Amino acid sequence: MSERPKISVDGVDFEWDRENGRILVWGNPALLMWIETTLAGLMVGIHKMVGTERFVIAAEQAGRESIEGEVAAIMQHRQSVEDGFRYLGTSAAAVGHGHWELVRLDHEKKEAWFRVHNSWEALYQKALGVTWGTSTMAGKFGAHCSRIFETHCRAEQTAFLARGDAYDEFVVRPTERTIEDDLDALIGTENATRADFTVAFERLQREVEERRRIEEDLRREVEERTRIEEELRSKLDLIRRQEEAIRAMSTPILKLWEGVLTMPVVGLVDSTRAGGMMEALLEEITRTQTRFTILDLTGVDVIDTGAAGHLLKVVQAARLLGTQCLVSGISPSMASTVVSLELDLGALKTFGTLEAALRYAIKQGNVEDTEAPKGGPRGVRSAR
């Protein structure tokens with residue numbers, strides 16, 4: 001009883017699973033059914049329930065949805081589309097679907113012609129004496145050509161074995177009319193049934209669910225973009241604060257003595273940095289009412305015309321606020337550059353070291369305090 005007979009016919013593998021009462025075709029459960037009696041009776045019952053129009057639409061839709069395995073077979077066994085359909089037609093005949101024949105395939109016009117000999121649909125309809133059309137085959141060929149031509153196609157049946165032709169024949173062409181369009185047209189007529197409305201409602205539900213899914217995806221995308229924007233704003237704010245800290249560190253202003261400030265300058269002095277230096281220094285001079293400001297250039301290795309001009313502007317601006325600006329730390333190489341550039345720095349009071357500039361500021365401050373009128377405000381010079 002455990003024996004499982006097997007046979008292969010035209011590349012189709014059959015297996016009988018006696019223990020479980022199944023027939024397997026290519027490993028999948030299959031069914032043998034008498035076409036002219038059992039299958040015909042089943043189809044008559046369905047046709048009576050839904051009518052010809054609905055019956056045909058349902059059969060075509062079933063055909064369109066059944067091609068996935070066939071597509072794989074075509075792709076696996078073909079060197080061309082024609083070779084693939086020859087293999088598929090032979091395999092279909094081996095399992096009782098009739099022999100399929102691709103008569104012509106026109107890629108330029110996107111048209112195809114098929115013939116089917118002795119399909120199960122044609123045989124049961126011939127036995128019943130009716131011609132409802134082999135719509136399952138039409139759906140299959142329409143779906144296959146939609147993939148081949150990369151546009152929506154449907155098949156029109158032009159010959160019918162059930163009414164005496166030698167075969168069923170189909171011509172497949174691109175069309176904008178879908179099965180859903182046919183169903184909508186049917187629902188819009190007086191012949192619409194409760195089943196039609198149920199199908200339409202289910203399709204509407206699927207569309208609503210799809211829209212909800214799209215909206216949810218969009219919502220998540222917006223949330224993700226908002227999160228990224230917030231992270232970028234936070235990073236930009238951090239960079240801004242770091243830049244401010246760097247600027248503050250690059251232009252520190254220190255109180256060396258009562259009434260004496262110093263600004264050590266290190267590195268390159270460009271227009272942007274000079275503007276920041278001037279703004280910070282003038283603000284501090286105004287706040288402290290200092291009398292002497294020492295601009296210490298010990299950390300500046302090289303000076304050019306532009307840098308010297310910027311420094312002169314800082315000194316002039318400080319002088320306008322009533323403070324005397326001293327310059328210290330000019331190196332020999334810097335002095336040589338100034339001379340070679342023929343810069344006029346005669347208005348500056350310069351010192352070799354910060355200490356020398358500080359001593360001068362302290363001494364001058366003491367002299368000014370001594371020369372001030374008795375009882376006068378501290379730091380106000382006497383008239384000369």
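Note: the structure precedes this text.
Note that the structure is a prediction, hence the values are computed from the model and not measured.

K.L.:
In this structure, what is going on with the packing of helix 1 (residues 35-64) against helix 4 (residues 120-128)? I would like to understand it.
P.N.:
A pair of packed helices is captured by two measures, namely the crossing angle of their axes and the spacing between those axes. In contact at an axis separation of 10 Å, helix 1 and helix 4 are set at 100° when each is read in the N-to-C sense. As the angle between them shows, helix 1 and helix 4 are arranged roughly perpendicular. Between helix 1 and helix 4, the contacting residues are I35, E36, L39, A40, M43, V44, F55 and A59 on the first element and W120, E121, L123, Y124, A127 and L128 on the second. Residues belonging to the contact of helix 1 with helix 4 are distributed by class as follows: 12 nonpolar, no polar and two charged.

K.L.:
What's the story with the layout of surface pockets in this structure? I'm lost.
P.N.:
Using a probe with the size of a water molecule, rolled over the atoms, empty space left in the structure can be pinpointed. Taken as a whole, the second largest pocket holds about 290 Å³ of empty space. As for the second largest pocket, its lining consists of 18 residues, and the residues nearest its centre are E60, R154, A155, E156 and Q157. Of all the secondary structure elements, the ones that give two or more residues to the lining of the second largest pocket are helix 1, helix 5 (135-149), strand 7 (153-159) and strand 8 (168-174). Per-class residue counts for the lining of the second largest pocket are eight nonpolar, five polar and five charged.

K.L.:
Looking at this structure, how should I read a nonpolar patch on the surface?
P.N.:
A cluster of nonpolar side chains, namely L31, M33, L42 and I46, defines an oily patch on the protein surface of about 360 Å² accessible area. Tracing the backbone through its elements, the reader meets M33 in the loop between strand 4 (28-30) and helix 1. M33 gets classed as partly exposed once you look at its relative accessible area, which sits at 32%.

K.L.:
Is there a simple way to explain the pattern of salt bridges in this structure?
P.N.:
Side chains carrying opposite charge are able to pair once their charged atoms draw close together. Counted under the stated rule, the structure contains 24 salt bridges. For R213, the salt bridge identified is with E210, shortest N-O distance 2.4 Å. Of this pair, R213 and E210 are both found in helix 7 (residues 194-250), three residues apart, which corresponds to roughly one turn of the helix. Note on R213: relative accessible area 40%, which makes it partly exposed. Of the residues examined, E210 reaches a relative accessible area of 35% and is grouped as partly exposed. Measuring nitrogen to oxygen at the nearest pair gives 2.4 Å for the salt bridge that ties R227 to E231. Linking R227 with E231, this pair stays in helix 7, spanning four residues, or about one helical turn. What makes R227 partly exposed here is its relative accessible area of 36%.

Rules of the game
- Residues numbered from 1 in each chain as written.
- Predicted model: local features only at pLDDT ≥ 70, side-chain atom pairs only at ≥ 80, totals over all residues.
- Heavy atoms only, no water.
- Axes fitted to C-alpha atoms, helices over the stretch in contact; angles between N-to-C directions.
- Helix = DSSP H or I, 4+ residues; strand = E, 2+ residues; numbered from the N terminus.
- Parallel < 35°, antiparallel > 145°, perpendicular 65-115°, else oblique.
- Contact = heavy atoms within 4.5 Å.
- Nonpolar A, V, L, I, M, F, W, Y, C, P; charged D, E, K, R; others polar.
- 1 Å grid on protein atoms, 1.4 Å probe; cavity = no way out; pocket = protein on both sides within 12 Å on 5 of 7 lines; lining within 4 Å.
- Points joined across faces, edges and corners; volume = space filled by probe spheres on them.
- Patch = residues over 30% accessible without salt bridge, like charges linked within 9 Å, V, L, I, M, F, W, Y side chains within 5 Å.
- Areas by Shrake-Rupley, 256 points an atom, 1.4 Å probe, with all protein chains shown as cover.
- Salt bridge = Lys/Arg side-chain N within 4 Å of Asp/Glu carboxyl O.
- Buried < 20%, exposed > 50% of the residue type's maximum accessible area, 1.4 Å probe, protein only.

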